[in-house]
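# Inside the fold
So the chains spell out like this:
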Amino acid sequence: MTYAIQELVIRHVSPFDTEEITNLVADAMWDGPVARWMQPDMLVRRNNTSRYFEIFVEHALRHGEVYSTADADDGRMSGVALWFPLTAMIPPPVDYERRLKEASDTAFDRAQQLDAVLDENHPLEPHHYLAFLAVRPGEQNRGIGSALLDRHHARLDRAGLPAYLEANDPRNRDLYLRHGYQVRSVIELPDGPPLWCMWRAPMA
Ligand SMILES: CC(C)(COP(=O)(O)OP(=O)(O)OC[C@H]1O[C@@H](n2cnc3c(N)ncnc32)[C@H](O)[C@@H]1OP(=O)(O)O)[C@@H](O)C(=O)NCCC(=O)NCCS
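Summarised in this report is the structure supplied together with it.

The rules behind these values
- Residues numbered from 1 in each chain as written.
- Predicted model: local features only at pLDDT ≥ 70, side-chain atom pairs only at ≥ 80, totals over all residues.
- Heavy atoms only, no water.
- Near = heavy atom within 4 Å.
- Polar contact = N/O pair within 3.5 Å; in protein donor to acceptor, adjacent residues only side chain to side chain.
- Areas by Shrake-Rupley, 256 points an atom, 1.4 Å probe, with all protein chains shown as cover.
- Axes fitted to C-alpha atoms, helices over the stretch in contact; angles between N-to-C directions.
- Helix = DSSP H or I, 4+ residues; strand = E, 2+ residues; numbered from the N terminus.
- Parallel < 35°, antiparallel > 145°, perpendicular 65-115°, else oblique.
- Contact = heavy atoms within 4.5 Å.
- Nonpolar A, V, L, I, M, F, W, Y, C, P; charged D, E, K, R; others polar.
- Salt bridge = Lys/Arg side-chain N within 4 Å of Asp/Glu carboxyl O.

As a structural note, the neighbourhood of the ligand is formed by 21 residues, with Asn141, Gly143, Gly145, Ser146 and Asn172 the closest of them. The backbone of Asn141 places a nitrogen or oxygen atom 2.7 Å from an oxygen atom of the ligand. Gly143 places a main-chain nitrogen or oxygen 2.8 Å from an oxygen atom of the ligand. When isolated, the ligand has an accessible area of 820 Å², and the protein chains bury 85% of it.

The structure is reproduced here in structure tokens:
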């Protein structure tokens, strides 16, 4: 069951939080369909996932907008949303190819393949891009992801800006449909899972 959290505190995070955010994103995503496609070996995947996501977390903290929620009991970060405002050019992560190679190891070819198809399908119109939305396993399904989405969508709606993301499984695709996104196209990764490219027009 999904329910709204009444007093959820959502804050902007700072570069000091890089490790905590990276670990949260890795814990939520390491066994997802795309991660499994990229690196089928479970142990290698578990070991390498943080280094992979760290590249994008650092990049988002430098060029994007990152929000997090904290657990009411122990103050631990419970959910995080990493947005990139693609209303202006954002450079690629510093030293990207070398870092990607180190982080993805034997999955480097697939990591590059993934980047290429995501780039090919990425809309050119100005928008905000939700690169990652992640909620700590064990805290999922309590309304945290929805609260993080609502927070940024309210801002986009005021500014009249659209949003874009790729959903990596039918369950989160349905969550995004409920938040006003529509499927624009579907990417079929070679021998892998589908990715739903989703667009949300601003609401009045
Ligand atoms: C997807 C995710 C961010 C949603 O956050 P949340 O706080 O759990 O979501 P909410 O409680 O606001 O909404 C619940 C809905 O989220 C989706 N959801 C919940 N857990 C999910 C999971 N493990 N995987 C995929 N979608 C999930 C479902 O649509 C769910 O509704 P349902 O129970 O009727 O199917 C979170 O579950 C998560 O981090 N999942 C794993 C990583 C992931 O899939 N990230 C999105 C990448 S595109």
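From this point, the discussion proceeds with the structure in view.
This next bit is on the packing of helix H3 (residues 42–63) against helix H4 (residues 96–104). The contact between H3 and H4 brings their axes to 7 Å, and the two run at 155°. It follows that H3 is roughly antiparallel to H4 by the angle criterion. Where H3 approaches H4, its residues Asn48, Arg51, Tyr52, Glu54, Ile55, Phe56 and Glu58 are matched on the opposing element by Tyr96, Arg99, Leu100, Glu102, Ala103 and Ser104. Tallied by class, residues from the contact of H3 with H4 come to six nonpolar, two polar and five charged.

In this section: the pattern of salt bridges. This structure, assessed with the given rule, holds 13 salt bridges. Note that Arg99 is salt-bridged to Glu54, the shortest N-O span being 3.9 Å. In this pair, Arg99 sits in helix H4 while Glu54 sits in helix H3, placing the two residues 45 residues apart along the sequence. What emerges from the salt-bridge pattern is a single network uniting Asp31, Arg36 and Arg45.

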